[in-house]
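For reference, the chains in residue letters:
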Amino acid sequence: MKDYVLELIRNGKRADKREFDEFRDIEIKPNYIEKAEGSAYVRIGKTQVIAGVKMGIGTPFADTPNEGVLMVNSEFSPLASPKFETGPPGEDAIELSRIVDRGIRESKCIEMDKLVIIPGEKVFTVFVDIFILDHQGNLQDAASLAAITALMNTRMPKLDAENKIITGEHEGKLPVAKKPVTVTVCKVGDKLFVDPTLDEEKIVDSKVALSFIEDDRICAVQKQGNEGIEFDMMGDIIDIGMKKSKELRKLVK
């Protein structure tokens with residue numbers, strides 16, 4: 001199967017007949033988990049992920065005493081893929097969390113200064129949990145879409161007179177100022193394509209995850225794979241990523 005997929009890519013074709021710059025069918029459902037402060041379900045082709053947002057109260061980091069805290073975690077359930085195992089997060093789960101986290105953090109997506117309760121002492125903590133339901137390729141784009149959709153629909157918990165969360169009560173929305181979108185561009189030889197299936201991911205030389213904000217600025221980049229990327233090719237990778245990020249952003253509500 002790997003040889004078949006590789007030969008197709010080298011000849012400018014894909015097994016599912018898509019163009020190289022074409023995503024599979026995308027479905028996004030905000031507010032997917034009723035009891036979460038924020039949540040979203042995203043399906044890209046047969047890949048399915050859920051993002052859940054939980055708001056808590058904690059201590060700010062020493063170097064950012066006047067900002068809230070963001071924590072992103074990914075859970076790779078064995079039900080989603082035969083290669084996923086139970087136990088502590090593996091390298092793939094850690095890398096996925098970092099890609100999602102970096103896109104949110106470096107874009108200044110959340111106005112973190114508005115999450116301060118008592119400067120230097122008490123702030124809101126935003127927990128973003130990514131759950132993989134079915135891994136059929138391109139988890140990072142799906143997870144990033146789910147995360148930003150969930151954040152945009154997150155409700156702020158209401159506090160009592162002692163600055164403690166009142167369970168089940170909310171007021172206002174999480175202060176989200178930017179809408180970062182991540183697009184992963186894959187390379188096989190001199191061919192570039194987006195939204196790889198699981199079979200295509202097995203034969204890529206390398207891939208680059210680029211996060212863009214509304215003004216087309218790149219806020220985060222993550223290169224994966226053992227093969228290098230020619231400098232001249234990076235311009236094409238950025239152009240493809242920028243174009244597709246505009247299309248994906250229109251789907252996020």
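Treat the numbers as computed from the prediction; the structure is a model and nothing was measured.

### Focus on the packing of helix α2 (residues 91-106) against helix α3 (residues 139-152)
Put simply, α2 and α3 touch, their axes get as near as 10 Å, and they point 45 degrees apart. Relative to α3, α2 is oriented oblique. Note that α2 runs across α3; the crossing there is right-handed. Residues Leu 96, Ile 99, Val 100 and Ile 104 of α2 lie in contact with α3, whose contacting residues are Leu 139, Gln 140, Ala 143, Ser 144, Ala 147 and Leu 151. Broken down by class, the residue content of the contact of α2 with α3 amounts to eight nonpolar, two polar and no charged.

### Some words on the pattern of salt bridges
Applying the stated criterion across every chain, the model contains 19 salt bridges. A salt bridge links Lys 243 to Asp 21, with the shortest nitrogen-to-oxygen separation between them at 3.3 Å. One end of the pair, Lys 243, is in helix α5 (residues 231-249); the other, Asp 21, is in the loop between α1 (2-10) and β1 (26-30), with 222 residues separating them in the sequence. The class of Lys 243 is partly exposed, set by a relative accessible area of 43%. Using a relative accessible area of 30% as the deciding quantity, one classes Asp 21 as partly exposed. Here Lys 164 and Glu 162 are joined by a salt bridge, their closest N and O atoms 3.7 Å apart. A cluster of three or more residues bridged by salt bridges with shared partners is formed by Arg 14, Asp 16, Arg 18, Arg 24, Asp 195 and Glu 200.

Cut-offs and rules
- Residues numbered from 1 in each chain as written.
- Predicted model: local features only at pLDDT ≥ 70, side-chain atom pairs only at ≥ 80, totals over all residues.
- Heavy atoms only, no water.
- Axes fitted to C-alpha atoms, helices over the stretch in contact; angles between N-to-C directions.
- Helix = DSSP H or I, 4+ residues; strand = E, 2+ residues; numbered from the N terminus.
- Parallel < 35°, antiparallel > 145°, perpendicular 65-115°, else oblique.
- Left-handed = near helix turned anticlockwise from the far one by under 90°.
- Contact = heavy atoms within 4.5 Å.
- Nonpolar A, V, L, I, M, F, W, Y, C, P; charged D, E, K, R; others polar.
- Salt bridge = Lys/Arg side-chain N within 4 Å of Asp/Glu carboxyl O.
- Buried < 20%, exposed > 50% of the residue type's maximum accessible area, 1.4 Å probe, protein only.

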